[in-house]
Amino acid sequence: MQLTVGRVSLSVIALAACAIALAASLASCQPVKEYQKNRINDSEMTLSNRKVEKEEISMESYREGSSGANGGKTGGGCGCN
Amino acid sequence: MRRTCLTITGMCLMILHAFSQGSPKDTSAFKSRPLKLDEVEIVSSYYDQTADKSAVSGGQLGAIGNANVTDLSNGIELKFVGYDPKGRKNSLTGGLGFDHHTAASQAYVDLNGTAKNYGNRLYPTLDWTIENGVKGSSFGIGSYYSAEHDYYHSIGLNTSFSKKNHHNGEFSAKFSGYFDRIKMIYPSELIPIDSIQVTTGTTTDSVVYVTTASGRTEALSYSSTGQETVTESASASISSRSRDSYSASFAFTQVINTRMQGALLLDLAYQSGYLGLPFHRVYFADSSTAVVEKLPSQRFKLPVGFRLNYFIGDNIIIKTYYRFYIDNWGLRSHTASIEVPVKITPFFSISPFYRYYVQTAVNYFAPYQKHTAADEYYTSNYALSAFSANLVGVGLRLAPPKGVIDKHLNTIELRYAHYTETTDLVSNVISLDLKFR
């Protein structure tokens with residue numbers, strides 16, 4: 001199945017959107033002092049997956065054909081069932 | 001005159017010395033602290049799935065293709081923290097997980113559906129990390145072992161490091177290797193016949209070793225009259241094949257402003273060895289006889305991910321994630337998710353979330369009886385087919401500063417997710433995480 005929107009591949013659109021979002025975000029970086037990080041350091045702002053999501057991520061990696069780039073495993077294990 | 005000048009200069013130097021801030025002798029040398037139990041985390045999950053077109057049945061519908069699964073997973077992790085004489089934080093984390101599953105498809109490893117339909121998995125982990133707070137760097141090594149009764153065992157090793165820069169950014173890298181051994185448990189009708197000729201009396205019988213779905217090996221004695229008897233005393237070993245997985249994971253995180261931070265994630269993964277499963281059947285178009293799925297012995301994976309978290313106002317956070325994945329089997333996928341934790345109080349939050357996933361099929365996938373014998377590789381495993389999926393759910397998190405019920409119970413998290421695929425697979429997973437400090 002080729003994912004397309006019109007004549008443009010969805011992959012190209014998604015990657016371009018991400019590149020723009022990333023470039024815009026990095027370009028707007030501001031110096032942040034330690035005492036200004038009360039929101040950044042909030043436990044809900046973490047950039048990694050939490051332990052409570054472990055079974056969910058494990059299930060996704062076995063039921064779907066792709067994995068990785070989410071802090072989880074990219075190989076190993078059976079996923080037999 | 002010269003004596004007077006020298007005397008005045010000497011007095012000035014003495015006064016300056018008296019008022020100068022000389023470096024006092026350091027009496028506060030850092031004392032190391034031995035490892036001490038810092039945190040205990042217990043995670044339990046229950047997974048329930050209804051599906052059909054199981055890979056064991058070669059993608060068939062009906063009872064034989066039943067792919068219903070339940071899985072009860074429990075894990076405990078103990079984290080010990082200490083400081084060495086150089087003031088570096090040392091963390092030793094040991095974990096132990098135990099799963100029990102039932103799988104309807106597993107019963108059909110035996111063609112008649114009489115094989116056992118459950119199994120257990122045990123997986124201990126051990127990780128050690130050193131963090132240098134002054135340099136903003138860390139280094140870690142880890143190990144992993146997993147054994148699923150009768151099916152496989154896996155050993156994993158990893159090493160990681162990270163380094164912070166002076167602009168609120170952090171680069172980290174992790175290198176992992178997983179080394180699996182897969183027992184070659186074939187569908188009952190496809191067990192290789194390893195005949196040993198024996199002579200009993202005046203009749204020549206043959207003994208065939210049969211590996212059952214449970215992994216037990218039995219000897220079937222065929223008599224010359226065609227009668228079949230089973231003796232359970234035989235103990236021929238079941239062969240196994242290797243599957244090695246290597247990955248290099250890179251991440252760069254950056255604080256963008258006082259309310260926003262993001263991460264760029266890149267994995268390079270390579271697998272080699274036996275990448276299918278020996279009990280997955282495939283039926284060719286012109287045949288009702290099954291063969292075992294056949295897949296290439298190498299796979300390169302390239303997932304690229306991007307996270308962006310934004311704190312709106314004082315109570316709402318928006319967490320976004322996108323991943324693009326491509327591999328050399330022809331599979332491409334997109335994953336996009338959003339989670340919106342709402343802080344009802346500073347210590348209690350509700351987090352609804354949604355995830356969308358879409359993938360193309362691998363070059364080697366075809367449904368039941370759509371492959372032909374001319375195909376070099378073939379599988380009817382719907383995890384490798386083209387489909388899209390939706391995941392929706394909610395999480396609750398309670399972490400009051402004085403603990404929940406007891407001061408040692410630091411955090412409670414409860415999470416529920418409902419997952420649907422266009423392959424008709426539907427699943428639910430509920431997880432509970434208890435953190436003690």
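Residues numbered from 1 in each chain as written. Chains lettered and ligands numbered in written order. Predicted model: local features only at pLDDT ≥ 70, side-chain atom pairs only at ≥ 80, totals over all residues.

Moving on to the overall build of chain A. When helices and strands are counted, chain A shows two helices and two strands. Helices and strands appear in chain A in the N-to-C order β-β-α-α. Expressed as a percentage of the 81 residues in chain A, the buried residues total 32%. (Helix = DSSP H or I, 4+ residues; strand = E, 2+ residues; numbered from the N terminus. Buried ≥ 20, exposed ≤ 12 C-beta atoms within 10 Å, placed from the backbone.)

Moving on: the interface of chain B and chain A. If you look at the interface, chain B gives 78 residues, while chain A gives 46 residues. Looking at side-chain class alone, the side of chain B that touches chain A contains 38 nonpolar, 28 polar and twelve charged residues. (Contact = placed C-beta atoms within 7 Å. Nonpolar A, V, L, I, M, F, W, Y, C, P; charged D, E, K, R; others polar.)

Let us now look at the nonpolar core. With 24 residues, the main nonpolar core has Val56, Val109, Phe279, Val362, Tyr364 and Leu384 of chain B as its most contacted residues. When neighbours within four sequence positions are excluded, Val362 of chain B is seen to be in contact with Gly65 of chain A together with Trp329, Gly330, Leu331 and Leu384 of chain B. One finds Tyr357, Ala389, Leu391 and Val429 of chain B within the second-largest nonpolar core, a separate group that totals ten residues. (Core = buried A, V, L, I, M, F, W, Y, C linked by C-beta atoms within 7 Å.)

All names here are of chain B. As paired strands, strand 13 (residues 260–273) and strand 16 (residues 298–312) are joined by eleven bridges and run antiparallel to one another. Residue pairing across strands places Ala269 opposite Lys301, the latter belonging to strand 16. The pairing of strand 16 with strand 17 (residues 316–327) spans twelve bridges and is classified as antiparallel. Bridging from a neighbouring strand, Pro303 pairs with Tyr325 of strand 17. The antiparallel hairpin formed by strand 16 and strand 17 contains three residues in its connecting segment, where Gly313 sits at a positive phi of about 55°. (Pairing = 2+ DSSP bridges.)

For helix 2 (residues 54–63) of chain A, a buried count of seven out of ten residues is recorded, marking the element as mostly surrounded by other parts of the structure. Burial in helix 2 of chain A covers these residues: Glu55, Glu56, Ser58, Met59, Glu60, Ser61 and Arg63 of chain A. At its buried positions, helix 2 of chain A is contacted by strand 1 (33–50), strand 2 (69–83), strand 22 (409–421) and strand 23 (426–436) of chain B.

In this section: the confidence of the model for chain B. Residue and element names in this part refer to chain B. When pLDDT is averaged along chain B, the result is 86, and 82% of the positions lie at 70 or above. Across residues 195–199 the pLDDT falls below 50, and counting only partners more than four positions away or on other chains, this stretch makes nine contacts in the model. In the model output, the complex is listed with pTM 0.84 alongside ipTM 0.80. (pLDDT = per-residue confidence, 0-100.)

All names here are of chain B. Structurally, Ile191 is set in the loop between strand 7 (169–183) and strand 8 (195–200). Overall, Ile191 belongs to the partly exposed group, with 17 C-beta atoms counted inside 10 Å. Sequence separation between Ile191 and Ser239 is 48 residues; the distance between their C-alpha atoms is 12 Å.

Here we come to unusual backbone geometry. Apart from glycine, the bulk of residues carry a negative phi angle, and the bulk of peptide bonds sit in the trans form. All names here are of chain B. Even without glycine at this site, Gln369 takes up a positive phi of about 60°. Turning to its location among the elements, Gln369 is positioned in the loop between strand 20 (348–359) and strand 21 (387–398). Of note, the phi angle at Asp424 is positive, near 85°, even though the residue is not glycine. The topology assignment puts Asp424 in the loop between strand 22 and strand 23. Taking the number of C-beta atoms within 10 Å as the measure of exposure, Asp424 has 14 and is therefore partly exposed.

Residues and elements named next belong to chain B. For strand 5 (residues 137–148) and strand 6 (residues 152–164), the ladder comprises twelve bridges, and the chain directions are antiparallel. Across the sheet, the residue bridging to Gly140 is Ser160, located in strand 6. Here strand 6 runs beside strand 7; their pairing, made up of 13 bridges, is antiparallel. Along strand 7, the bridge assignment pairs Phe161 with Ala173. Between strand 6 and the antiparallel strand that follows it, strand 7, lie four residues; Asn168 among them carries a positive phi value of about 60°.

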